[in-house]
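# Coordinates in review
Residues per chain are reported as follows:
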Amino acid sequence: MAQNLVLDGESLVAPGEIRRAARRVAAPDPGHLVVARAELALSLEVSIRQFKSGVEPNAIIERLTDALHQMRRRFHPEVWDAIVPIAQSHPVAHYLHQDPLTRWSFEKPRGYSGDARLLDFIYGRPEIEDAVSSASNLGRSIYAYTRNASSSLAVRERRDILARRVDEIASARPGFTEVLAIAAGHLREGPLSRALGAGAISRWVALDQDPMSVGTVARDFAGTSVQAMNGSVKSLIGGRHALGMFDFIYAAGLYDYLPDAVAVKLTKKCVSMLKPGGTFLFANFSPETDVDGYMETFMNWALLLRSEREMGLIASESASEADLKVSVWSGSNRSIVYCEIQRPQ
Ligand SMILES: C[S@@+](CC[C@H](N)C(=O)[O-])C[C@H]1O[C@@H](n2cnc3c(N)ncnc32)[C@H](O)[C@@H]1O
């Protein structure tokens, strides 16, 4: 794990935590594990043969991703949990980990899942160009697939939606708009905001648990109204920051690691920090995502998936005031769900 970084224990970002926390239902039929192991072995064997015989990497990974998605859906969660490590230690990983995005996610050099540099591979940022150009030809071909997978398209759309919401909210209060990004990572939506460039944001607090990401934001946004801040879900819920009130608060790439009880506590806290007319937005990967099996196995990147209904439940459990307006909607490929809670004027 990266030095200096103490995880707050509220988000399940350490490898394996999400699977341990997943809800358990009745025990699986023991015969299903035998079937699942056999199906997995066959599918991975086909992939290895395809790699060895020079089949187009795109076609290999697409077939494998779909097979893993179907298995994750069809088998009992405990059966799925039992076959994940089998996939991870299979020799086909040697091919898949030539993709710098898959490898970074699997190896977790920062010690936890979903760090901001991983997101930079998805955003296709200049900062990761060296890692891509030093990958093998096969690795670059696989990256061409993973960076354009449905999940990656949804993450880039999420970044664009955030920048757009900041601009819409700022256009109503030019010069006075106060924004808080929780789990901000590298704040890649910042440069896309016209309001930030035009000086229409009075402060944009970017809070994250990872001092390396906080340092990157402080450096990249020096001279703007962005304030990089080290802080965690725990310190925020515990009221350890005197942050004041905001027009717009948002969390993207965070609720996917928060169990329901923590998600409700954080949502309550965020709603309490909204000015009249202010909005809190949180996003979460949805059960409709079709790359979940590949992410959990070869990327070792497990997420707590939430449906529109489950997002609405978090909002209703958190927002006790009757006059709060809640809206829930899905992104264009339905891989990510959004929930917005607005305080009346
Ligand atoms: C998937 S990244 C998302 C970054 C950014 N919001 C984006 O959309 O590009 C997740 C971020 O959440 C941060 N994070 C995870 N758990 C956290 C916690 N408990 N408190 C504060 N930040 C946390 C990580 O450090 C990481 O920067």
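Sequence order as written defines residue numbering, which begins from 1 separately in each chain. In keeping with the predicted nature of the model, local features appear solely for residues at pLDDT of at least 70, side-chain atom pairs appear and are counted solely at 80 or more, and the whole-chain, interface and lining totals rest on all residues. Side-chain measures here rest on the full set of heavy atoms in the structure, leaving out hydrogens and waters.

An unreviewed UniProt entry lists the protein under the name Class I SAM-dependent methyltransferase, from Rhizobium vallis.

## Regarding the packing of helix α14 (residues 260–272) against helix α16 (residues 308–318)
Geometry is summarised by axes, namely lines fitted to C-alpha atoms with helices restricted to the contacting stretch, and by angles between N-to-C directions that run from 0 to 180 degrees. Here a strand is any run of E in DSSP of at least two residues, a helix any run of H or I of at least four, and the numbering for each starts at the N terminus. Contact pair α14 / α16: the axes reach a minimum separation of 9 Å and the direction vectors enclose 55°. As far as their axial angle goes, α16 and α14 are oblique. Judged by the sense of rotation from one axis to the other, the crossing of α14 with α16 is right-handed. Residues Asp 260, Ala 263, Val 264, Thr 267 and Lys 268 of α14 form the contact with α16, whose participating residues are Ile 314, Glu 317 and Ser 318. For classification, angles of less than 35 degrees are called roughly parallel, those exceeding 145 degrees roughly antiparallel, those between 65 and 115 degrees roughly perpendicular, and all remaining angles oblique. Less than a right angle of anticlockwise turn of the near helix away from the far helix marks a crossing as left-handed, whereas a clockwise turn marks it as right-handed. In what follows, residue pairs with any heavy atoms lying within 4.5 Å of each other are defined as contacts.

## Here we look at the domain arrangement of the protein
Here the protein is described as being made up of domain 1 (17–149) and domain 2 (152–296 + 303–342). Averaged C-alpha coordinates put domain 1 and domain 2 at centres separated by 28 Å. Counting from both sides, the interface comprises 30 residues of domain 1 and, opposite them, 27 residues of domain 2. For the pair domain 1 and domain 2, the summed buried surface comes to about 2600 Å²; carbon and sulfur atoms form 50% of the total. Here, a salt bridge means any Lys or Arg side-chain nitrogen found within 4 Å of an Asp or Glu carboxyl oxygen. The partner of Glu 127 in a salt bridge is Arg 188, and the shortest N-O contact between them spans 3.5 Å. N or O atoms within 3.5 Å of each other form a polar contact, as long as, within protein, one can give a hydrogen and the other can take it, and as long as residues adjacent in sequence are counted only when both atoms are side-chain atoms. Where domain 1 touches domain 2, the interface holds 20 residue pairs in polar contact (both at pLDDT 80 or more). Residue assignment for the side of domain 1 that touches domain 2 shows that the elements contributing at least two residues are α1 (17–21), α3 (57–74), α4 (77–88) and α7 (116–123). All the domain ranges listed were derived from an automatic or database domain assignment. Note: buried area is the sum, over both parts, of the accessible area (probe 1.4 Å) each one loses when the two are combined.

## What about the site of the ligand?
Being near a molecule or strand, for a residue, means having at least one of its heavy atoms within 4 Å of it. Around the ligand, the surrounding shell holds 20 residues, and the nearest of these are Ser 11, Tyr 123, Ala 183, Asp 208 and Ala 252. At a separation of 2.7 Å, an oxygen atom of the ligand approaches a polar side-chain atom of Tyr 123. A distance of 3.0 Å separates a nitrogen atom of the ligand from a polar atom in the backbone of Val 233. Reported accessibility uses the Shrake-Rupley method at a 1.4 Å probe radius. Residues are deemed covered only where the shown protein chains occlude them. Relative to its unbound accessible area of 600 Å², the ligand is 98% covered by the protein chains. For this classification, Asp, Glu, Lys and Arg are treated as charged, while Ala, Val, Leu, Ile, Met, Phe, Trp, Tyr, Cys and Pro are nonpolar and the rest, including Gly, are polar. Looking at the shell around the ligand, its residues break down into nine nonpolar, seven polar and four charged. Counting only domains with at least three residues in the shell around the ligand, you end up with domain 1 (17–149) and domain 2 (152–296 + 303–342).

## Quick look at the pairing of strand β5 (residues 274–285)
Think of it in three bands: with a 1.4 Å probe and only protein chains considered, a residue is buried below 20% of the maximum accessible area for its type, exposed above 50%, and partly exposed in between. Of all twelve residues making up β5, eleven are buried, and the element is well covered by its neighbours. Note that strand β4 (residues 246–251) and β5 share five bridges and pair parallel. Bridge pairing in β5 places Phe 248 opposite Thr 279. Handedness of a crossover is defined as follows: orient the strands so they point away from the viewer, and if the path from the first strand over the helix to the second runs clockwise, the crossover is right-handed. Considered for its hand, the β-α-β crossover made up of β4, α14 and β5 is right-handed. Any two strands are treated as partners once DSSP identifies two or more bridges connecting them. Across seven bridges, the pairing between β5 and strand β7 (residues 336–342) is antiparallel. Within β7, the position partnered with Asn 284 by the bridge is Val 337.

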